[in-house]
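Geometric and topological summary
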Amino acid sequence: MSATVIDGKAFAATVRAKVAGHVARLKEENGITPGLAVVLVGQDPASQVYVRSKGKMTVEVGMNSYEHKLEADTSEAELLALIDKLNSDPAVHGILVQLPLPKHLDEDLVINAIDPAKDVDGFHISNVGLLGTGQKSMVPCTPLGCLMMLRDHHGSLSGMDAVVIGRSNIVGKPMAQLLLGDSCTVTIAHSRTKDLPDVVRRADIVVAAVGRPEMVPGDWIKPGATVIDVGINRVDAGDGKTRLVGDCHYDSCAEVAGAITPVPGGVGPMTIACLLANTLTACCRANGLAEPEGLTA
Ligand SMILES: Nc1nc2c(c(=O)[nH]1)N[C@@H](CN(C=O)c1ccc(C(=O)N[C@@H](CCC(=O)O)C(=O)O)cc1)CN2
């Protein structure tokens, strides 16, 4: 195995430590404590774990955490009323609605009801438009985490060929925008892309975000390329247990790549670290204060 392992768990810890330092200064110098409200609808087990983790880490960096757990049969009107309340609460600088929502709720409608300035997920249509036009926005946490790791590993990304596999609104599209913003030549590949292996083989940077276990084998990877694996797929481990794998076949990709993120312990932990970074950024903007350096795109 030759690739350098990009340790997302360790990197996320450094991001959270930076956030905690800024939060301490905000409290000390300005008497302000950033606040993050997380809304969970229903009892999806994975979502419950993520929300618990978000609340714990929010408190650990010194912010106020407000958790709203609603029943699975909560109506759209009830959820929108809560968002309205959080939008006008000055103690709340960031609002996140955990996804996926139960089927009877319209995700787009709910997300677009969040005040864009408090949309720490960066999913609101205004933030999508701002990012797409290169303006200051809230940036989706997972792609922001990927960008931070890539910048840390490479310094400048300018002129590099990047292939993003997956075109979701949450990861694929914003990731492509961010790479373009850092002057990469970007291809977005997806299920209908012709000659996908050849397209991927051209890339200096491969970001895999398709949600298909181990879809990308090592012989698709250009020697020395950087592989960022966004996939988190639970598969049968054969002994009645399960294990997590990414969208890339780790062992074969690590043989040829120059650097690779593992699953678990790669992109995943950066998602929550960047959520905290975004909450800090939203708080600074709301109070007309300078934004923390190195924690935004
Ligand atoms: N409103 C949002 N909903 C969801 C988002 C999001 O960014 N905003 N992303 C995912 C879930 N997610 C955070 O919400 C998330 C997923 C994974 C991890 C993580 O650290 N994963 C670990 C492995 C965890 C495990 O053992 O299962 C890892 O990769 O090392 C953090 C956050 C969907 N919903």
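Going by the annotation in an unreviewed UniProt entry, the name recorded for the protein chain is Bifunctional protein FolD, with Maliponia aquimaris given as the source organism. Comment text from UniProt for the protein chain, heading Pathway (unreviewed entry), reads "One-carbon metabolism; tetrahydrofolate interconversion." Its UniProt record gives the protein chain a comment under Sequence similarities (unreviewed entry), which states: "Belongs to the tetrahydrofolate dehydrogenase/cyclohydrolase family."

To continue, consider the domain arrangement of the protein chain. By the assigned domains, the protein chain splits into domain 1 (30-114) and domain 2 (141-268). Distance between the C-alpha centres of domain 1 and domain 2: 29 Å.

To continue, consider the nonpolar core. Core analysis: the largest hydrophobic core is formed by 56 residues, its most contacted members being Val 19 and Leu 179. Taken together, the elements giving at least two residues each to this core come down to α1 (8-30), β2 (35-41), α2 (45-60), α6 (141-154), β5 (161-165), α7 (172-181), β7 (205-208) and α10 (267-286). Split by domain, the residues of this core number at least three in each of domain 1 (30-114) and domain 2 (141-268). Sequence-distant contacts of Val 19, that is, excluding residues within four places in its chain, are made with Val 61, Met 63, Leu 276, Ala 277, Leu 280 and Leu 295. Counting residues in hydrophobic clusters, the runner-up holds 21 residues, among them Ile 165, Val 206, Cys 253 and Ile 260.

Looking now at the pattern of salt bridges. All told, the structure shown has seven salt bridges when counted by the stated rule. Here Asp 198 makes a salt bridge to Arg 201, at a shortest N to O gap of 2.6 Å. Of this pair, Asp 198 and Arg 201 are both found in helix α8 (residues 196-201), three residues apart, which corresponds to roughly one turn of the helix. Lys 222 is the salt-bridge partner of Asp 204, the closest N and O atoms lying 2.7 Å from each other. In this pair, Asp 204 sits in the loop between α8 and β7 while Lys 222 sits in the loop between β7 and β8 (226-229), placing the two residues 18 residues apart along the sequence. Take Lys 222: its relative accessible area is 28%, and that puts it in the partly exposed class. Among the charged side chains, a salt-bridge network with shared partners connects Lys 136, Arg 285 and Glu 291.

Right, let's get into the UniProt feature "binding site: NADP(+)" (unreviewed entry) in the protein chain. UniProt records the feature "binding site: NADP(+)" (unreviewed entry) at Gly 166, Arg 167, Ser 168 and Ile 232, using the numbering of this structure. Position of Gly 166 relative to the elements: it lies in the loop between β5 and α7. Leaving out residues up to four positions away in the same chain, Gly 166 has contacts with Gly 172, Ile 188, Ala 189, Ala 209 and Val 210. In this structure, Arg 167 sits in the loop between β5 and α7. With residues up to four places along the chain from it excluded, the contact list for Arg 167 reads Gly 172, Lys 173, Ile 188, His 190, Ser 191 and Arg 192.

Bringing the sheet that holds β7 into the picture now. Read across the open sheet, the six strands follow the order β1-β11-β8-β7-β5-β6; overall the sheet is parallel. Since the sheet does not close on itself, it has two edges, and those belong to β1 (4-5) and β6 (185-189), each with one partner. Two strands pair when backbone bridges link them, and β5 and β7 are joined in this way by four bridges, in the parallel orientation. Within β7, the position partnered with Val 163 by the bridge is Val 206. Sheet contacts for α6: β1, β7, β8 and β11 (259-260); angle to β8, the most-contacted strand, approximately 160°.

For the rest of this paragraph, the subject is the environment of Leu 150. Here Leu 150 shows up in helix α6. Setting aside anything within four residues of it in sequence, one finds Leu 150 in contact with Gly 155, Leu 157, Met 175, Leu 179, Ile 205, Thr 226 and Ile 228.

Bringing the site of the ligand into the picture now. The environment of the ligand is formed by 17 residues, the closest being Lys 54, Val 97, Leu 99, Asp 121 and Gly 265. Interatomic distance of 3.0 Å between a side-chain N/O atom of Gln 98 and an oxygen atom of the ligand. Leu 99 has a polar backbone atom sitting 3.0 Å from a nitrogen atom of the ligand. Contact with the protein chains hides 77% of the accessible area of the ligand, taken as 690 Å² for the molecule alone. Counting residues per element, the ones that place at least two in the shell around the ligand are α2, β4 (94-97) and α10. By residue number, the principal contributor to the shell around the ligand is α10, which donates four residues.

Conventions used here
Residue indices begin from 1 for each chain and proceed along its sequence in written order. With pLDDT at 70 or above as the cut-off, local features in this predicted model cover only qualifying residues; side-chain atom pairs require 80 or more to be listed or tallied, and sums for whole chains, interfaces and linings still use all residues. Side-chain figures throughout are based on the complete set of non-hydrogen atoms in the structure, without hydrogens or water. UniProt positions are given in the numbering used here, feature names are shortened, and annotations may be inferred rather than shown by experiment. The start and end points of each domain follow an automatic or database-based domain assignment. Among buried residues, those of type Ala, Val, Leu, Ile, Met, Phe, Trp, Tyr and Cys that are joined through side-chain atoms within 4.5 Å constitute a nonpolar core. Burial here depends on accessible area, computed with a 1.4 Å probe over protein chains only, as a share of the maximum for the residue type. Under 20% is buried, over 50% is exposed, and the range in between is partly exposed. Elements are defined by DSSP. Helices are runs of H or I of four residues or more, strands are runs of E of two residues or more, and each kind is numbered from the N terminus. Pairs of residues are marked as contacts when any of their non-hydrogen atoms sit within 4.5 Å. Should a side-chain nitrogen of Lys or Arg be within 4 Å of a carboxyl oxygen of Asp or Glu, the pair is scored as a salt bridge. Paired strands are those between which DSSP finds at least two bridges. In this analysis an axis means a line fitted to C-alpha atoms, helices contributing only their contacting stretch, and an angle means the value between N-to-C directions, from 0 to 180 degrees. By convention in this text, a residue qualifies as near a molecule or strand provided that one of its non-hydrogen atoms is within 4 Å of it. Polar contacts, as counted here, are pairs of nitrogen or oxygen atoms within 3.5 Å of one another; within protein the pair requires one atom able to donate a hydrogen and one able to accept it, and residues that are adjacent in sequence qualify only if both atoms are side-chain atoms. All accessible-area figures derive from a Shrake-Rupley calculation using a 1.4 Å probe, and residue coverage is judged against the displayed protein chains alone.

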